[in-house]
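Architecture at a glance
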Amino acid sequence: MIIVEGHHPIPEITNAIVTSGTFDGVHFGHHKILKRIVRTAKEVGGKSVVLTFWPHPRFVLFPEENTLKLLTTFEEKAKLLKEVGIDYLIKVKFDIEFSQLSSEGFIQSMLVEKLKTYKLVIGYDHRFGKNRTGSFEYLKGNSARYGFEVEEISRQDIDDVGISSTKIRQALSHGEVDKAAEYMGRSYAIEGEVVTGKQIGTSLGFPTANILVSQDYKLIPADGAYAVLVTLKGKQYQAMLNIGIRPTVGGLSRVIETHIFDFNQDIYGATISIDFVSYLRAEMKFESLNELKIQLSKDALLAKERLISTLR
């Protein structure tokens, strides 16, 4: 897959089959549209093209809200789109100036002039341009003038899937990582750098890798303990993970720490990926470190039980 920054010249694409949107999470609901453009591109000897906007439009239009958390970073989104089979990913910088572009201006400058679109495929409720005035009906009525076909994925087709990024965010905010995985077709994952912690886990016999996720917009699942899979340098390990403030030891800030089973390497500074497999329990405050240690032993047994069939 070729990634093109939207302000750079776009290479000539033969029979471009295009769709546009944020595609956060690249979940099963999105796959209806994505697989359609991949299939259509093959049928006409063309290329599939995804036009996406970065940063997420809400970050630009409603900066004071600061509540939206994303399921995927741009890099994660690009990787997932590549796996679906997309040929070109056009990354359009979304800023205030771009947000003022009319639907007519967007169509002419991006779809007609830059991409020379052969066919545009959109979801039933997709809108574009300033104040979201552009619609399927508008495109359909003007397709001859623009010189490209327009196809709408029907409401029934999308509703039959019954999946949205909002539903996935809601599931993760309640620790329902298994439900999120069903919606996404894969485990929800985060990536971060291993940083120095307070070494409390080591003193309890459960050394942990503290994870720093640098993107503050990335959604972190609900506080609690989880069974997870950790990927480091292409190798996968079973682990358990805790998200929370660690009330037993007087913690104040939210941290992410994972104990990798049967592992004793020094990985400070390394970047690891974590796939959430199963929620184990809510974060708890224990009366003593010994009680915490006992619970960690129980967590480890349960996590290993939940992970038996997952390690590749």
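As a starting point, this report considers the structure included with it. (Residues numbered from 1 in each chain as written. Predicted model: local features only at pLDDT ≥ 70, side-chain atom pairs only at ≥ 80, totals over all residues. Heavy atoms only, no water.)

**Overview of the pairing of strand 12 (residues 271–281)**
Taken across its eleven residues, strand 12 has nine buried, putting it largely inside the fold. Of the pairings in the sheet, the one linking strand 9 (residues 224–232) to strand 12 comprises seven bridges and is antiparallel in character. Residue pairing across strands places Leu229 opposite Asp275, the latter belonging to strand 12. (Buried < 20%, exposed > 50% of the residue type's maximum accessible area, 1.4 Å probe, protein only. Helix = DSSP H or I, 4+ residues; strand = E, 2+ residues; numbered from the N terminus. Pairing = 2+ DSSP bridges.)

**Some thoughts on the pairing of strand 11 (residues 255–260)**
Most of strand 11 is tucked away: six of the six residues are buried. Of the two faces of strand 11, the one holding Val255, Glu257 and His259 and the one holding Ile256, Thr258 and Ile260 are both buried throughout. Looking at chain direction, strand 8 (residues 209–212) and strand 11 are connected through two bridges and run antiparallel. In the sheet register, Ala209 faces strand 11, and the bridge partner there is Thr258.

**As for the nonpolar core**
By size, the foremost hydrophobic cluster in this structure holds 34 residues, and its most contacted members are Ile274 and Phe276. Breaking this core down by element, the ones donating at least two residues are helix 8 (165–173), helix 9 (177–184), strand 7 (189–195), strand 8, strand 9, strand 10 (235–244), strand 11 and strand 12. When sequence neighbours within four positions are dropped, the list of residues in contact with Ile274 reads Tyr188, Ala189, Ile190, Ile211, Val228, Leu229, Val230 and Leu241. Core analysis: the next-biggest nonpolar cluster, separate from the first, contains 27 residues, Ile10, Val18, Phe106 and Met110 among them. (Core = buried A, V, L, I, M, F, W, Y, C linked by side-chain atoms within 4.5 Å. Contact = heavy atoms within 4.5 Å.)

**Re the sheet that holds strand 7**
Read around the barrel, six strands follow the order 7-8-11-10-9-12 and close on themselves; strand pairing throughout is antiparallel. Taken over all neighbouring pairs, the strand axes of this sheet differ in orientation by 45° on average, direction set aside. Note that strand 7 and strand 12 share five bridges and pair antiparallel. Paired with Ala189 across the strands is Asp275, a residue of strand 12. Against the sheet, helix 9 engages strand 9 and strand 12, with an angle of about 120° to strand 12. Across the sheet, helix 11 (residues 289–307) lies against strand 9, strand 10 and strand 12, angled at about 100° from strand 12, the strand it touches most. (Axes fitted to C-alpha atoms, helices over the stretch in contact; angles between N-to-C directions.)

**Observations regarding unusual backbone geometry**
A cis amide bond links Trp54 with the next residue in sequence, Pro55, at an omega value of 0°. Positionally, Pro55 belongs in the loop between strand 3 (47–54) and helix 2 (57–61). Here the phi dihedral of Asn15 falls at roughly 50°; this positive angle occurs in a residue that is not glycine. Here Asn15 is to be found in the loop between strand 1 (2–5) and strand 2 (16–20).

**Quick notes on the pattern of salt bridges**
Within the structure shown, the criterion is met by ten salt bridges. In this structure, Glu151 and Arg36 form a salt bridge, with 2.9 Å as the shortest nitrogen-oxygen distance. On the criterion of sequence distance, the pair formed by Glu151 in strand 6 (residues 149–153) and Arg36 in helix 1 (residues 28–44) is long-range, its members being 115 residues apart. Arg36 carries the same exposure label as Glu151, and that label is buried. Between Asp223 and Arg254 there is a salt bridge, and its shortest N-O distance comes to 2.6 Å. Of this pair, Asp223 sits in the loop between strand 8 and strand 9 while Arg254 is found in the loop between strand 10 and strand 11, placing the two residues 31 residues apart along the sequence. A residue is classified by how much of its surface remains accessible, and Asp223, at 31% relative accessible area, is partly exposed. With relative accessibility at 44%, the residue Arg254 sits in the partly exposed group. Via salt bridges that share partners, Arg36, Lys119 and Glu151 belong to a single interconnected network. (Salt bridge = Lys/Arg side-chain N within 4 Å of Asp/Glu carboxyl O.)

**Some words on the packing of helix 5 (residues 103–114) against helix 6 (residues 136–146)**
In the contact formed by helix 5 and helix 6, the axes pass within 13 Å of each other and the chain directions differ by 45°. The pairing of helix 5 with helix 6 is recorded here as oblique in orientation. For the element pair helix 5 and helix 6, the recorded crossing hand is right-handed. Side by side, helix 5 and helix 6 meet where Ser103, Glu104, Ile107, Gln108 and Val112 of the first sit next to Tyr138, Leu139, Arg145 and Tyr146 of the second. (Parallel < 35°, antiparallel > 145°, perpendicular 65-115°, else oblique. Left-handed = near helix turned anticlockwise from the far one by under 90°.)

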